[in-house]
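# Survey of secondary and tertiary structure
Spelled out from the first residue to the last, the chains are:
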Amino acid sequence: MIKNGKLFLPPPRDGGDFKELFKRSAAAGAGRPLSEDGFPAGPWTPELLAEAISQIDSNRVGVDLRTVQLWFQENERGISTANIRWLARIFGCDDPVATSEWQMELSAAQSRLSAKRRERKRAGSSVAPEIPDTALTAPFDDETDTLAELTRNADAKGLRQRFSLARRSEALFSRGLNLPASVFAGITALGFLSYITGIHNVTYDRPDGIVKQVGFLWAANWTFVFMVFLPLFFWLVTELLVFWKGEGRLKLVSLADKIQSDHSWARNVEASSYSYWAVFLICVLFAGLFQWIGVSLIPLIKGGGNYATDWGSLAVVRPEVISVPEAAVFTGLAYLYMCVCFYLFFSGLILLYTVVDDLWRIGEALKNQPEMGFRRDLNEASFKVMRWVFRCTLLGILMATIMKLQSSYLTSDGVNIVAWLVSDLTSALYERADVSNRFSYRMPTHYSSLLIAISSCFVFLYGTIRLGAGSQSQVPLWKMSAIVTLLVASYLLIDAFSGFSILLGLGVLLAIYGLIDPGFGRGRANELGNDQSVS
């Protein structure tokens, strides 16, 4: 019998178990497309069947080749409920009625197989206990076991037991507070070293007579960025990954078992492997090694360089405080720490992009689903993901803002960064003339901060475009976009006119509010609504 250009065999209903039913149907090539001459194309092989199941439009996670191979082998293993659905689609030739009949027959055959195992177990048989492929759906108590399990179960679909920078980087964000705590510990250690070397709180006399504070602990781009913003950013990315891998993805991918969902997620992470390597090389070689040599080491040894004096080059103007060798070692450690942290920051942005892209693709696959529950779950997941993305974007722009502020302060006539901002505020409020006395310095931090701001905004813009179609998230999204736009404007206008600190202060206050309540009250309203609905 032919259905949809494929060989259709009706369910035999002979009372056989799953192994017997599957063996006969696969050997006959049930559900395989006919050859060009109109004859059956032959029996199924594990590779062909796994590929056919994975190509079903509504099956987002596919099926492991190893799982399909177990169906073909002479063993005691059965089939999971999720895979019964897809196998019935294959044997039923994508015909709704035939698929339903095959689904009932496969479910009954699996039940008979389970009953036979129980009988043998009660009879004291030495046959191995039941291990159907539903065992793969057992939940994991520890989310961090996912990548280790994935490596052990790498299959022919693309994941090999080899070093993967993408998976290793993703694993760092799957270990709770370890990453944020490590970053905080690193900057704390550098702070202690600066205190020991005596550059934690130190000033120098500029040629124009201005006494400037250039101590390490006064450098806002080190204290605020690495003590506050980066740990918060890493924590938020970690929380998003825990939600997406452990709850959000499993709720949306219908009837998919956890290990298959983890495999599909790992493939998505691996797809950005070149991005991780590109970011790693740029951060380590250019932002780390080359920048340290050009901005710090060469000026320390030879002098010059036309860079504003800071704690890294203090040995040139105040050798009694710190010697050149000590400064070279300290700056080397600081730049090494910095480049690793910024690699992890950009890795976090790549993971945010991967989550958004993964959610969008799942949403596209579920677009034609008749169940309203899918649409509701999709909208709720989109809003939750965008809340995390919004928070991370704010932190990224705040990091860029602090970096540009510190760089601009070094070229200004401010005694310290706080006094400089207060002076700018008062000059605008009391209409005082700007009497700044500036030097023309190279400012590489302006460029690096711009990269951070652009990258953060790109992820938010991508998420807004991909996930912003849901009606439930349109109102919060325009508020999020307005705050991001204001914060970017305040970043770009730093030191551009007298009184820029007013706009900057407004943007920072709104950013703090967005970090505390990214849903702008919607999350609390939903919680109250849920409580009322169940009472």
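What you are looking at is a predicted structure, and each value in this text was computed from that prediction instead of being measured.

How each quantity is defined
- Residues numbered from 1 in each chain as written.
- Predicted model: local features only at pLDDT ≥ 70, side-chain atom pairs only at ≥ 80, totals over all residues.
- Heavy atoms only, no water.
- Helix = DSSP H or I, 4+ residues; strand = E, 2+ residues; numbered from the N terminus.
- Areas by Shrake-Rupley, 256 points an atom, 1.4 Å probe, with all protein chains shown as cover.
- Salt bridge = Lys/Arg side-chain N within 4 Å of Asp/Glu carboxyl O.
- Buried < 20%, exposed > 50% of the residue type's maximum accessible area, 1.4 Å probe, protein only.
- Core = buried A, V, L, I, M, F, W, Y, C linked by side-chain atoms within 4.5 Å.
- Contact = heavy atoms within 4.5 Å.
- Phe/Tyr/Trp six-rings, centres within 6.5 Å; stacked < 30°, edge-to-face > 60°.
- Lys NZ or Arg CZ within 6 Å of the ring centre and 35° of its normal.
- Axes fitted to C-alpha atoms, helices over the stretch in contact; angles between N-to-C directions.
- Parallel < 35°, antiparallel > 145°, perpendicular 65-115°, else oblique.
- pLDDT = per-residue confidence, 0-100.
- 1 Å grid on protein atoms, 1.4 Å probe; cavity = no way out; pocket = protein on both sides within 12 Å on 5 of 7 lines; lining within 4 Å.
- Points joined across faces, edges and corners; volume = space filled by probe spheres on them.
- Nonpolar A, V, L, I, M, F, W, Y, C, P; charged D, E, K, R; others polar.

Right, let's get into the overall build of the protein. Assigned secondary structure in the protein consists of 19 helices and 4 strands. If you sum the accessible surface of the protein, you get close to 25,000 Å²; carbon and sulfur atoms cover 61% of it.

So, about the pattern of salt bridges. For the coordinates displayed, the defined rule picks out 13 salt bridges. For Glu 20, the salt bridge is made with Lys 116, and the minimal N-O distance between the two is 3.8 Å. You can see Glu 20 sitting in helix H1 (residues 18-28) and its partner Lys 116 sitting in helix H5 (residues 96-122), a full 96 residues away along the chain. Owing to a relative accessible area of 35%, Glu 20 belongs among the partly exposed residues under this scheme. Residue class for Lys 116 comes out partly exposed when judged on its relative accessible area of 29%.

Glancing now at the nonpolar core. Membership of the largest hydrophobic core comes to 103 residues, with the highest contact counts inside it found for Trp 222 and Phe 226. A per-element tally of this core places helix H13 (residues 324-365) first, with 22 residues. Contact partners of Trp 222, with chain neighbours within four places excluded, come to Ile 187, Leu 190, Phe 216, Met 227, Trp 311, Ala 334, Tyr 337 and Met 338. With 29 residues, the next largest nonpolar core counts Val 63, Ile 79, Ala 109 and Leu 113 among its residues.

What follows concerns the packing of aromatic side chains. The description of an aromatic ring pair rests on the distance of the ring centres and on the angle between the ring planes. Going through the model one piece at a time under the given rule, you end up with 28 aromatic pairs. Centre to centre, the rings of Phe 18 and Phe 22 are 5.7 Å apart; their planes meet at 25°, and the pair counts as stacked. Note that Phe 18 and Phe 22 are positioned in helix H1 at a spacing of 4 residues, about one turn of the helix. The exposure class of Phe 18 is buried, given its relative accessible area of 0%. Looking at Phe 22, the relative accessible area reads 2%, which means it is buried. Ring plane angle 85° and centroid distance 5.5 Å describe the contact between Trp 222 and Trp 311, whose orientation is recorded as edge-to-face. Placement of the pair is Trp 222 in helix H9 (residues 220-252) and Trp 311 in the loop between helix H11 (273-302) and helix H12 (314-317), with a sequence separation of 89 residues. For the pair Trp 222 and Trp 311, a shared accessibility class is recorded, and that class is buried. Put simply, the rings of Phe 216, Trp 222, Phe 226, Trp 311, Phe 330, Tyr 337 and Phe 342 touch in pairs and so form one group of aromatic residues. Directly above the aromatic system of Phe 8 lies the positively charged group of Lys 3, at a separation of 5.2 Å from the ring centroid. Above the plane of the ring of Tyr 409 lies Lys 212, whose end atom (NZ or CZ) is 3.9 Å from the centre.

With their axes 9 Å apart at the nearest point, H13 and helix H16 (residues 444-467) run at an angle of 10° to one another. The pairing of H13 with H16 is recorded here as roughly parallel in orientation. Counting all contacts with H13, which are made through Phe 342, Phe 345, Phe 346, Leu 349, Leu 352, Tyr 353, Val 356, Asp 357, Leu 359 and Trp 360, the residues of H16 involved are Leu 451, Ile 452, Ser 455, Ser 456, Phe 458, Val 459, Tyr 462, Gly 463, Arg 466 and Leu 467.

Across the protein, the average pLDDT comes to 82, with 84% of residues at or above 70. Mean pLDDT across the elements of the protein bottoms out in helix H6 (residues 145-152) (40) and peaks in helix H8 (residues 178-197) (95). Taken together, the stretch residues 125-160 has pLDDT below 50 and engages in 68 contacts with residues farther than four places along the chain or on a different chain. Counting interchain partners and residues more than four positions distant, the pLDDT-below-50 stretch residues 527-535 has 0 contacts.

Unusually for a residue other than glycine, Arg 13 sits at a positive phi of about 50°. Take Arg 13: it is sitting in the loop between strand E2 (6-7) and H1.

Relative to each other, H1 and helix H3 (residues 65-72) sit at 100°, their axes nearing to 9 Å. As the angle between them shows, H1 and H3 are arranged roughly perpendicular. Seen from H1, the contacting residues are Phe 18, Lys 19, Phe 22 and Ala 26; seen from H3, they are Leu 70, Trp 71 and Phe 72.

Each pocket or cavity is described by its volume, and for the largest pocket that value is around 1,200 Å³. Looking at the largest pocket, it is lined by 49 residues, and the ones nearest its centre are Gln 291, Tyr 335, Pro 444, Thr 445 and Ser 448. Listing elements by their share of the lining of the largest pocket, those giving two or more residues are H9, H11, H12, H13, helix H14 (372-411) and H16. It is H11 that provides the largest number of residues to the lining of the largest pocket, a total of 10 residues. Residues belonging to the lining of the largest pocket are distributed by class as follows: 30 nonpolar, 17 polar and 2 charged. Considered as a void within the structure, the second largest pocket measures approximately 470 Å³ in volume. Lining the second largest pocket we find 24 residues, and of these Phe 224, Ile 402, Leu 405, Leu 421 and Val 508 sit closest to its centre. If you list the elements that add at least two residues to the lining of the second largest pocket, you get H9, H14, helix H15 (417-429) and helix H18 (500-516). Of the residues belonging to the lining of the second largest pocket, the class tally is 20 nonpolar, 4 polar and no charged.

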